[in-house]
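# Descriptive analysis of the structure
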Amino acid sequence: RNDPGGRRRVRFTGRIGGRRFESRPIAIPSGRTREVAERITIENPRLWSPSRPSLYEVHARVTRGNDVLASYDTHVGIRRVEVDDRGRVLLNGRPIVFRGASIHEDHPQVGAALTPSLRRRIFAELRRLNANITRAHYPLHPEFLELADRHGVMVWDQVPVYRIRESLLASSVRAKGLRFVEDMVRRDWNH
């Protein structure tokens, strides 16, 4: 986004898995936005799985000259999740048997105000159970998703449209539920 004040020329740069990219100069008119995408191929990637949660660091920057105007850093796992003709979930082309437990962002002493150490403890408990999945009824704190990626735990993020009889699922409720799913995918797609 270029705040009003004149046309700007910027570059989009970054790296993932040892691969670097740099855009050509991008012109953004005053008061306008510009969406930029870059495609990078990682040959023979280390695939993420519960038994081997391989993650890649991603660094992206928008610069003008030597000034960094915006930056984004994250970790991503490369994986493929699909459903086969028999209804089985496949992870990286292989059937996966899910074992896990549901979680809530709640603790007897602090309620929903979980500390980072309490979040880490929840994931340590999931791993002691040999869990490879956890389920929540609402969007989890971003740190939960990071921990899940690092600990090899898949997340079943259920939007809060459940336990409603079909006859009560009016078109407006259904539409809102679909928006929740779309928002979840857009927000958490790297996880």
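This section reports on the structure supplied with the text. This is a predicted model, so every value here is computed, not measured. (Residues numbered from 1 in each chain as written. Predicted model: local features only at pLDDT ≥ 70, side-chain atom pairs only at ≥ 80, totals over all residues. Heavy atoms only, no water.)

The next thing to look at is the overall build of the protein chain. Summing up its helical and strand segments, the protein chain has three helices and 11 strands in all. The C-alpha radius of gyration of the protein chain comes to 20 Å, more than 25% above the 16 Å expected for a compact globule of 191 residues. Taken along the three principal axes of its C-alpha coordinates, the protein chain extends 55 × 45 × 45 Å. Restricting to contacts in the protein chain with at least 6 residues of sequence separation, those with at least 24 account for 49%. With the model as given, the accessible surface of the protein chain reaches about 13,400 Å², and the carbon-plus-sulfur share is 49%. (Helix = DSSP H or I, 4+ residues; strand = E, 2+ residues; numbered from the N terminus. Rg over C-alpha atoms; globule rule 2.2 N^0.38 Å. Contact = heavy atoms within 4.5 Å. Areas by Shrake-Rupley, 256 points an atom, 1.4 Å probe, with all protein chains shown as cover.)

What follows is about the nonpolar core. One finds Ile-103, Ile-122, Phe-123, Leu-126 and Phe-144 to be the most contacted residues of the largest nonpolar core, which totals 13 residues. With four residues, the single largest contributor to this core is helix H1 (residues 116-128). If we ignore the near neighbours within four places in the chain, the residues touching Phe-123 are Phe-144, Leu-147, Ala-148, His-151 and Val-153. (Core = buried A, V, L, I, M, F, W, Y, C linked by side-chain atoms within 4.5 Å. Buried < 20%, exposed > 50% of the residue type's maximum accessible area, 1.4 Å probe, protein only.)

A few words on unusual backbone geometry. Residue Asn-44 is not a glycine yet carries a positive backbone phi of 45°. By the secondary structure assignment, Asn-44 is in the loop between strand E3 (26-28) and strand E4 (56-64). Positive phi, normally seen in glycine, also occurs at Asn-92, with a value near 55°. Looking at the element boundaries, Asn-92 is found in the loop between strand E7 (89-91) and strand E8 (94-95).

So, on to the sheet that holds strand E6 (residues 81-83). Spatially, the three strands line up as an open sheet ordered E6-E7-E8, and their pairing is antiparallel. Edge strands, defined here as strands with exactly one partner in the open sheet, are E6 and E8. Summarising the sheet, E6 and E7 pair through three bridges and their orientation is antiparallel. Note that in E7 the partner of Val-83 across the bridge is Val-89. (Pairing = 2+ DSSP bridges.)

Attention shifts here to the pattern of salt bridges. Should the charged atoms of two oppositely charged side chains come close, the side chains can pair. Tallying each qualifying case throughout the model produces 11 salt bridges. As a salt-bridge pair, Arg-11 and Glu-22 come within 3.5 Å of each other at their nearest N and O atoms. Of this pair, Arg-11 sits in strand E1 (residues 8-16) while Glu-22 sits in strand E2 (residues 19-22), and the two are 11 residues apart along the sequence. When its relative accessible area of 52% is taken as the criterion, Glu-22 is described as exposed. Among the ionic pairs, Arg-186 bridges to Glu-182, the shortest N-O distance being 3.2 Å. Of this pair, Arg-186 and Glu-182 both sit in helix H3 (residues 171-188), separated by four residues, roughly a single helical turn. Each of Asp-157, Arg-187 and Asp-188 takes part in a single network of salt bridges with overlapping partners. (Salt bridge = Lys/Arg side-chain N within 4 Å of Asp/Glu carboxyl O.)

Remark: H1 packs on helix H2 (residues 142-151), axes separated minimally by 10 Å, with the N-to-C direction vectors making an angle of 35°. Between H1 and H2 lies a crossing of right-handed hand. Judged by residue contacts, Pro-116, Arg-119, Arg-120, Ile-122, Phe-123 and Arg-127 of H1 engage Glu-143, Phe-144, Leu-147, Ala-148 and His-151 from H2. In terms of residue class, the contact of H1 with H2 is made up of six nonpolar, one polar and four charged. (Axes fitted to C-alpha atoms, helices over the stretch in contact; angles between N-to-C directions. Left-handed = near helix turned anticlockwise from the far one by under 90°. Nonpolar A, V, L, I, M, F, W, Y, C, P; charged D, E, K, R; others polar.)

Two elements, E1 and E3, share three bridges in a ladder whose sense is antiparallel. When the bridges of E3 are listed, Arg-8 appears paired with Ile-28. Alignment of E1 against E4, held across six bridges, turns out to be antiparallel. Across the sheet, residue Thr-13 finds its bridge partner in E4, namely Arg-61. In the sheet, E1 pairs with E2 via four bridges, with the strands oriented antiparallel. Paired with Ile-16 across the strands is Arg-19, a residue of E2.

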